[in-house]
Amino acid sequence: MIEVDFDLCEANGVCVGLAPDVFDLNDDDELIVSKADRLPENRAAIDGAIAGCPRAALSWKA
């Protein structure tokens, strides 16, 4: 499961571009994480989104 630090997240959408099946922005530019974060086939895209987040707001929840 993905953890989002909403104090750091600027909702700039980098994660949406890297893992569109997992991340989205709502009409208020707030980050939404879908249940697809639990699908193994999305793991590589999520790892890329975590690494590419400019604010380091994403991580894997233990």
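What counts, and at which threshold
Residues numbered from 1 in each chain as written. Predicted model: local features only at pLDDT ≥ 70, side-chain atom pairs only at ≥ 80, totals over all residues. Heavy atoms only, no water. Patch = residues over 30% accessible without salt bridge, like charges linked within 9 Å, V, L, I, M, F, W, Y side chains within 5 Å. Areas by Shrake-Rupley, 256 points an atom, 1.4 Å probe, with all protein chains shown as cover. Salt bridge = Lys/Arg side-chain N within 4 Å of Asp/Glu carboxyl O. Lys, Arg positive; Asp, Glu negative; His and termini not counted. Charge placed at Lys NZ, Arg CZ, Asp CG, Glu CD. Helix = DSSP H or I, 4+ residues; strand = E, 2+ residues; numbered from the N terminus. 1 Å grid on protein atoms, 1.4 Å probe; cavity = no way out; pocket = protein on both sides within 12 Å on 5 of 7 lines; lining within 4 Å. Points joined across faces, edges and corners; volume = space filled by probe spheres on them. Buried < 20%, exposed > 50% of the residue type's maximum accessible area, 1.4 Å probe, protein only. Contact = heavy atoms within 4.5 Å.

Right, let's get into a negative patch on the surface. A grouping of Asp27, Asp28, Asp29 and Glu30 is seen on the molecular surface, where their side chains present a negatively charged patch. One can find Glu30 in the loop between β2 (23-25) and β3 (31-33).

Turning our eyes to something else, we now look at empty space enclosed by the protein. All chains considered together, the criterion is met by 1 cavity of 30 Å³ or more. Its volume calculated, the largest cavity comes out at about 80 Å³.

What follows deals with the side chain of Asn42. Note on placement: Asn42 falls in the loop between β3 and α2 (43-52). A relative accessible area of 9% places Asn42 in the buried class. Setting aside its immediate chain neighbours within four residues, Asn42 contacts Asp21, Val22 and Ala36.

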